[in-house]
Amino acid sequence: MYYYLKKILFQFDPETAHAVTLKSLQIAHSLGLTQFFPTVSSQPCTLMGLTFPNRIGLAAGLDKNGDYIDALATLGFGFVEVGTVTPKPQEGNPQPRLFRLPEQEAIINRMGFNNKGCDYLAEQLRKIKFNGVIGVNIGKNRDTPIEHALDDYLHGFRVLAPYASYVAINISSPNTESLRALQQAGLLKSLLKGLKAEQMLFAERKKYVPLVVKIAPDLTPDDVEDIAEILLAEKVDGVIATNTTVSRDGLENVPHAMESGGLSGKPLSAYSTAIIQQLSVLLKNQIPIIASGGVMNAIDAAEKIAAGASLVQLYSGLIYHGPRLIQACAAL
Ligand SMILES: Cc1cc2nc3c(=O)[nH]c(=O)nc-3n(C[C@H](O)[C@H](O)[C@H](O)COP(=O)(O)O)c2cc1C
């Protein structure tokens, strides 16, 4: 069925197809039709103090503002991550900013954190019926200087932690200038110290909300070593490996491949898995790894788990293979 749907959707430009798909899913949900979706096998696991009905989650960026959580949850995800949101709403980059590379089963995006802001997402989270695991991914506004990045992340945490199962700190989008500099040892340490202090304050008042850091695939082995050391020292609860890549190796002469932005999908998979493998050795099972990057079939998901991941997120794979991918991966 998705085979035919995809043929129609791929006639539209990618951003329109995205909007049409999510709106259609929401309508199907409101008409009660999603109850007829196939069930996804349940294989519960507990990590970061949270119980996941299965290991397969939705990656950040597909539902940035939390407008579609209840409808998306009916597809059988073990967890849903929304965002990235920033303290103030922002438009993101001018269109076109999203490109398909169909032969490569890849996507390039330079959305630039287009989102309706933290308060809007909090409002959506107050209204949802879904009571499974919700990750909330936060970032900084484009016009916030890097020296003040912590203020933006603290704001995001304060507004959204009350509604989140975990909060993901996005320091790895390639589409916000200098954001990735926050992965450098000095900056990362102070960012995480600030956020851990806020997490502890909130834990005393209300509940412990795990903090998860999302990193880039374009890191050297030395960078990964430094990051792992800091994640352990600061007692971070989880790490998402990885975001999109700025590499275009092997994509010479492919239409759209030289568009600026982050590349996701099949060509990202190997970079992402290499980071997971290295992290797995360095973190010694003390911090769970959430895989993200190029999971296009169940074998890819199994590879991520074999490399050391405990959970697996999907994005581009859903665009190319549809929601059956969730069932296939969850059945592992
Ligand atoms: C259109 C698009 C928008 C994205 N937006 C975000 C975002 O806002 N925050 C984030 O952390 N990751 C974002 N991502 C990255 C995905 O969450 C994921 O980490 C990445 O695409 C790799 O997984 P994949 O190969 O399965 O797509 C985005 C990806 C795409 C394709």
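Before reading further, recall that the structure is shown in the block above.
Note that the structure is a prediction, hence the values are computed from the model and not measured. (Residues numbered from 1 in each chain as written. Predicted model: local features only at pLDDT ≥ 70, side-chain atom pairs only at ≥ 80, totals over all residues. Heavy atoms only, no water.)

> Looking at this structure, I do not really get the overall build of the protein chain. What am I missing?
Counting its secondary structure elements, the protein chain contains 11 helices and 13 strands. Along the three orthogonal principal directions, the C-alpha set of the protein chain runs to about 50 × 45 × 40 Å. Sorting the 332 residues of the protein chain into buried and exposed places 56% on the buried side. Taking contacts inside the protein chain between residues at least 6 apart in sequence as the whole, the part at least 24 apart equals 72%. For the protein chain, the exposed area adds up to about 14500 Å²; of that, 55% sits on carbon and sulfur atoms. One finds the centroid of the 30 positive side-chain charges in the protein chain at a distance of 6 Å from the centroid of its 31 negative side-chain charges. (Helix = DSSP H or I, 4+ residues; strand = E, 2+ residues; numbered from the N terminus. Buried < 20%, exposed > 50% of the residue type's maximum accessible area, 1.4 Å probe, protein only. Contact = heavy atoms within 4.5 Å. Areas by Shrake-Rupley, 256 points an atom, 1.4 Å probe, with all protein chains shown as cover. Lys, Arg positive; Asp, Glu negative; His and termini not counted. Charge placed at Lys NZ, Arg CZ, Asp CG, Glu CD.)

> What is the right way to look at the packing of helix α5 (residues 149–160) against helix α6 (residues 185–205) in this model?
Two numbers describe a pair of packed helices, the interaxial angle and the distance between the axes. Where α5 contacts α6, the axes come no closer than 10 Å and their chain directions differ by 25°. With respect to their mutual orientation, α5 and α6 come out roughly parallel. In terms of crossing hand, the pair formed by α5 and α6 is right-handed. Contacts between α5 and α6 involve L150, Y153, L154, F157 and R158 on the former and, on the latter, S190, L191, G194, L195, E198, Q199 and F202. (Axes fitted to C-alpha atoms, helices over the stretch in contact; angles between N-to-C directions. Parallel < 35°, antiparallel > 145°, perpendicular 65-115°, else oblique. Left-handed = near helix turned anticlockwise from the far one by under 90°.)

> Would you mind going over the pairing of strand β8 (residues 166–170) with me for this structure?
Strand residues, when the strand is regular, have side chains that alternate between the two faces of the sheet. β8 sits mainly inside the fold: 5 of its 5 residues count as buried. With burial as the criterion, each face of β8 is covered, one bearing Y166, A168 and N170 and the other bearing V167 and I169. Examined bridge by bridge, strand β7 (residues 133–138) and β8 share 4 bridges and lie parallel to one another. Bridging across to β8, N137 finds its partner in A168. Once the chain exits β7 it traverses α5 before rejoining the sheet at β8, and the crossover so formed is right-handed. Pairing of β8 with strand β9 (residues 211–215) involves 4 bridges; the strand directions are parallel. (Pairing = 2+ DSSP bridges. Right-handed = clockwise from strand over helix to strand, strands pointing away.)

> Would you explain the sheet that holds strand β5 (residues 98–101) in this entry?
The strand order across the open sheet formed by 3 strands is β5-β6-β11, and the pairing between neighbours is antiparallel. Each having just a single partner strand, β5 and β11 (262–265) make up the two edges of the open sheet. Adjacent strand axes in the sheet meet at a mean angle of 25°, parallel and antiparallel pairs treated alike. Sheet topology places strand β6 (residues 106–109) next to β11; 4 bridges connect them, and they run antiparallel. If you follow I107 over to β11, its bridge partner there is S264.

> What exactly am I supposed to notice about the site of the ligand here?
Looking at the ligand, there are 23 residues lining it, with A60, T84, S292, G294 and S316 nearest. The contact in question runs from an oxygen atom of the ligand to an N or O atom on the backbone of A60, over 2.7 Å. Interatomic distance of 2.9 Å between a side-chain N/O atom of K214 and an oxygen atom of the ligand. With the chains in place, 98% of the 600 Å² that the ligand exposes on its own is no longer accessible. At the level of secondary structure, the elements contributing two or more residues to the shell around the ligand comprise β4 (79–85), β6 and β11. Tallied by class, the residues present in the shell around the ligand amount to 6 nonpolar, 15 polar and 2 charged. (Near = heavy atom within 4 Å. Polar contact = N/O pair within 3.5 Å; in protein donor to acceptor, adjacent residues only side chain to side chain. Nonpolar A, V, L, I, M, F, W, Y, C, P; charged D, E, K, R; others polar.)

> Teacher, can you tell me more about the sheet that holds β7 here?
Whenever strands of a sheet pair, they do so through backbone hydrogen bonds, lying parallel or antiparallel. Ordered in space as β3-β4-β7-β8-β9-β10-β12-β13, the 8 strands form a closed barrel in which the pairing is parallel. Each adjacent strand pair in this sheet contributes to an overall mean axis angle of 25°, direction not counted. Bridge analysis of strand β12 (residues 289–292) against strand β13 (residues 311–314) gives 3 bridges, and the strand direction is parallel. Bridge pairing in β13 places S292 opposite Q313. On the sheet, α5 packs against β4, β7, β8 and β9 and is oriented at approximately 155° with respect to β7. Seen against the sheet, α6 touches β8 and β9 and runs at an angle of roughly 155° to β9.

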